[in-house]
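Architecture at a glance
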Amino acid sequence: MAAYIVFIKEREHDAGAMATYAGMAGPSMAGHNVKPLVVYGAIETLEGPEAAGSVIVEFPTMEEARAWYNSDAYQEARKVRFSAADYRVFLTQGL
């Protein structure tokens, strides 16, 4: 069953660090069965706090999503993201 990791950017603190993160996050997907569905496209907040941006990536299973998220390559990128912006990130199972 498909699984999705959803990234919601709440606030950005450092544009340069975000650019570094972007340069690391994409390549971290190599070798993983992942399909980016949304990558910082136009956003309209309908309810709740306004989001500064969003990313949604699809994986075939929850296990494959966790494998990418916990990979050494993404964990290194994640450290940079933590210094660059505040995010909410969650993993959810699809239908």
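What you are looking at is a predicted structure, and each value in this text was computed from that prediction instead of being measured.

**Some details on the packing of helix H1 (residues 15–25) against helix H3 (residues 72–84)**
In contact at an axis separation of 8 Å, H1 and H3 are set at 165 degrees when each is read in the N-to-C sense. Comparing the axis directions of H1 and H3 gives the class roughly antiparallel. Between H1 and H3 lies a crossing of left-handed hand. Touching Ala17, Met18, Thr20, Tyr21, Met24 and Ala25 of H1 are Tyr74, Glu76, Ala77, Arg78, Val80, Arg81, Ser83 and Ala84, all from H3. Residues that form the contact of H1 with H3 fall into these classes: nine nonpolar, two polar and three charged.

**Topic: unusual backbone geometry**
Non-glycine residue Tyr40 carries a positive phi angle of around 50 degrees. Relative to the helices and strands, Tyr40 is located in the loop between strand S2 (35–39) and strand S3 (53–59).

**Side note on the pairing of S3**
Within S3, five of the seven residues are buried, which leaves it mostly tucked inside the rest of the structure. Sheet topology note: the strand S1 (residues 3–12)/S3 ladder contains seven bridges and is antiparallel. Following the sheet pairing, Ile8 is matched in S3 by Ser54.

**Regarding H1**
Each full turn of the α-helix corresponds to 3.6 residues, which orients residues three or four apart in the same direction. Of the residues making up H1, those classed as buried are Ala17, Met18, Tyr21 and Ala25. Buried residues of H1, viewed axially, fall in a sector of 100 degrees; they line one side. Exposed and facing more than 90 degrees away from the buried side of H1 are Ala15 and Ala19. Lining the buried residues of H1 we find S1, H3 and strand S4 (85–93). Between the side-chain oxygen at the start of H1 and the backbone nitrogen of Gly16 there is a gap of 3.0 Å, and the oxygen is on Asp14.

**Quick look at the environment of Glu64**
Along the chain, Glu64 turns up in helix H2 (residues 62–69). Taking the relative accessible area as the measure of exposure, Glu64 reaches 30% and is therefore partly exposed. Along the backbone, Glu64 and Val34 are 30 residues apart, and their C-alpha atoms lie at a distance of 8.3 Å. Excluding anything up to four places from it in sequence, Glu64 contacts Asn33 and Phe59.

Definitions and limits used
- Residues numbered from 1 in each chain as written.
- Predicted model: local features only at pLDDT ≥ 70, side-chain atom pairs only at ≥ 80, totals over all residues.
- Heavy atoms only, no water.
- Axes fitted to C-alpha atoms, helices over the stretch in contact; angles between N-to-C directions.
- Helix = DSSP H or I, 4+ residues; strand = E, 2+ residues; numbered from the N terminus.
- Parallel < 35°, antiparallel > 145°, perpendicular 65-115°, else oblique.
- Left-handed = near helix turned anticlockwise from the far one by under 90°.
- Contact = heavy atoms within 4.5 Å.
- Nonpolar A, V, L, I, M, F, W, Y, C, P; charged D, E, K, R; others polar.
- Buried < 20%, exposed > 50% of the residue type's maximum accessible area, 1.4 Å probe, protein only.
- Pairing = 2+ DSSP bridges.
- Arc of directions from axis to C-beta.
- Polar contact = N/O pair within 3.5 Å; in protein donor to acceptor, adjacent residues only side chain to side chain.

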